[in-house]
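# Structural overview for review
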Amino acid sequence: MRIAQLLVGAAFAAGMTVGPLQAAEYELKLSHFLPPVHGIHTDFLQPWAEELASCSDGQVAVEIFPGGTQLGNVARQQEQVLAGVVDIAHGLHGIPRGRFPRTSVIDLPFLTESADAASRTLWALFPDHLAEEYEGLKVLALHAHNGGLIHTRGSQVATMEDMRGLRIRTPSPAISMMLESLGAIPQGMPPGQVYENLEKGVIDGTVFPWDPVRSFRLAEVLEHHLDARAYTVSFFFVMNRRSYDRLPAEVQACIDAASGDALVARFGDWWNAWDAPGLAAAEEKGNSVATLSKEERDRWRAALAPMIEAYLDELESQGVENAREIYVAAQDYVAQFETQ
């Protein structure tokens, strides 16, 4: 398995071009931080690039640089696309921390459980509440994953007390505060470093949805999973505004048609499909899988209520004066989209 993935990674080391490069009038670079076996690459970004090449009648060729390539660093996706090093990027809002404080509201615990509702909520919030965080960028989509789990090695987490003292990898400031409030010790690190740190015992566990259990081979080093659905993590898919503006109107129209509402609406089904192999990998290894009980979920909600208030206070102190307005709007949108 490891040899096969190394070979796949080597095949993509110089990037992968979608569309006939020699015949293309416009060559675009697209970077992301995930391995080329991940559904983000195979089901989303590669087909998106193919659709753009087809719609533009070959005027556009897209070169994709996944994780493991020179442009695949998770911490550099935003700065690369802003600087024009790449034309398009897909990245995590929480890494590096602090760059998208408004958008980070979606990460607050128990706000949403499904990728569909979370992604639609982000897109609905964008025009009036989030847009100022994306200056210099053409936002193609915002999305989030399904309600996340707590994965551990050594001991099963089923209650709040089980979290005490565990070193848990965290993807964002909001999740860090959640973990601290539950008694854990958050450890910040990119997703690609989780396997090694679990294997060496540097961390006791991680927060992820199911899909990285397969795509990052984490079933090999994990033993227990708690289906908490207590949080989500969000992602951006953006284009350098100058790169977009230099394209002819008919190519811009192709980009617009492949992005926005129609694209955001697909993430719910995609994440459900991406999560299934992760669960299967854990079950095949014989890992234990627990579900947070209703009673325990109510305890966690009560314990985390002060943390949510503290996080909103912190956002306000950082200049997001309408942080609570954004949070209330997010709650309203989630309630609307979860009933559809």
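Since the structure is predicted, the reported quantities are computational estimates derived from the model, not experimental observations.

### Here we look at the overall build of the protein
Across its full length, the protein holds 13 helices and 12 strands. The C-alpha atoms of the protein give 20 Å as radius of gyration, which agrees with the globular expectation for 340 residues (20 Å, within 12%). Seen through its principal axes, the protein has C-alpha atoms that stretch 60 × 50 × 35 Å. Relative to its 340 residues, the protein shows a buried fraction of 57%. Put simply, of all contacts in the protein between residues at least 6 apart along the chain, 78% involve residues at least 24 apart.

### Here we look at the sheet that holds strand β6 (residues 149-152)
If you trace the six strands from one edge of the open sheet to the other, you get β8-β7-β9-β6-β10-β12, paired in mixed fashion. Every other strand in the sheet has two partners, leaving β8 (185-188) and β12 (288-291) as the edge strands with one partner each. Strand-to-strand, the axes of this sheet are offset by a mean angle of 25°, without reference to chain direction. Pairing between strand β7 (residues 167-170) and β8: four bridges, direction parallel. Bridging across to β8, Arg169 finds its partner in Gln187. Across the face of the sheet, helix α5 (residues 173-181) comes into contact with β7, β8 and β9 (205-208) while running at roughly 160° to β7.

### Things to note about the packing of aromatic side chains
Scanning the entire structure with this criterion turns up 14 aromatic pairs. Ring geometry for Phe100 versus Phe236: centroids 5.6 Å apart, planes at 35°, classification tilted. Residue Phe100 is located in the loop between β4 (88-92) and α4 (115-130), and its partner Phe236 is located in strand β11 (residues 234-240); the two are separated by 136 residues in the primary sequence. Both residues of the pair, Phe100 and Phe236, belong to the buried class. Summarising the aromatic geometry, the rings of Trp270 and Trp274 are spaced 5.9 Å apart at their centres and angled 10° between planes, so their arrangement reads as stacked. Within this pair, Trp270 and its partner Trp274 are both found in helix α11 (residues 267-285), separated by four residues, close to a single helical turn. The burial state of Trp270 is the same as that of Trp274; both residues are buried. Joined through ring pairs, the aromatic side chains of Phe44, Trp48, Phe235, Phe237, Phe267, Trp270, Trp271 and Trp274 make up one cluster. The ring of Tyr195 carries Arg217 above its face, with NZ or CZ at 4.6 Å from the centroid.

### A look at the confidence of the model for the protein
Mean pLDDT over the protein works out to 93, with 94% of the residues at or above the 70 mark. Long-range and interchain partners of residues 1-14, a stretch whose pLDDT sits below 50, account for 19 contacts in this model, where long-range means more than four residues apart.

### Considering unusual backbone geometry
Leaving glycine out, the prevailing phi sign among residues is negative, and the prevailing peptide bond configuration is trans. In the segment running from Ile95 into Pro96, the intervening peptide bond is cis, with an omega of -5°. Tracing the chain through its elements places Pro96 in the loop between β4 and α4. Within the chain, Arg229 stands out as a residue other than glycine whose phi angle is a positive 45°. As for its position among the elements, Arg229 is in the loop between β10 (224-227) and β11.

### Focus on the pairing of β4
Buried residues dominate β4, accounting for five of its five residues. Residues of β4 alternate between two faces, with Ile88, His90 and Leu92 on one and Ala89 and Gly91 on the opposite face, all of them buried. Across five bridges, β4 lies against β11 in antiparallel orientation. Bridge pairing links Ala89 to Val238 in β11.

### Topic: the nonpolar core
One broad rule of soluble globular proteins: the nonpolar side chains tend to lie buried together. In this structure, Trp48, Tyr134 and Phe237 are the most contacted members of the largest nonpolar core, which totals 106 residues. What Trp48 contacts, discounting residues up to four positions off in sequence, is Leu30, Ile88, Leu140, Phe237, Ile255, Ala258, Ser259 and Leu263. Ranked by size, the runner-up nonpolar core spans six residues in total, among them Leu149, Trp210, Val213 and Ala281.

### With respect to the environment of Ala53
With respect to the helices and strands, the residue Ala53 is situated in helix α2 (residues 39-55). In the structure, Ala53 is positioned 82 residues away from Glu135 in sequence and 27 Å away in space, judged by C-alpha atoms.

Quick notes on the rules
Residues numbered from 1 in each chain as written. Predicted model: local features only at pLDDT ≥ 70, side-chain atom pairs only at ≥ 80, totals over all residues. Heavy atoms only, no water. Helix = DSSP H or I, 4+ residues; strand = E, 2+ residues; numbered from the N terminus. Rg over C-alpha atoms; globule rule 2.2 N^0.38 Å. Buried < 20%, exposed > 50% of the residue type's maximum accessible area, 1.4 Å probe, protein only. Contact = heavy atoms within 4.5 Å. Pairing = 2+ DSSP bridges. Axes fitted to C-alpha atoms, helices over the stretch in contact; angles between N-to-C directions. Phe/Tyr/Trp six-rings, centres within 6.5 Å; stacked < 30°, edge-to-face > 60°. Lys NZ or Arg CZ within 6 Å of the ring centre and 35° of its normal. pLDDT = per-residue confidence, 0-100. Core = buried A, V, L, I, M, F, W, Y, C linked by side-chain atoms within 4.5 Å.

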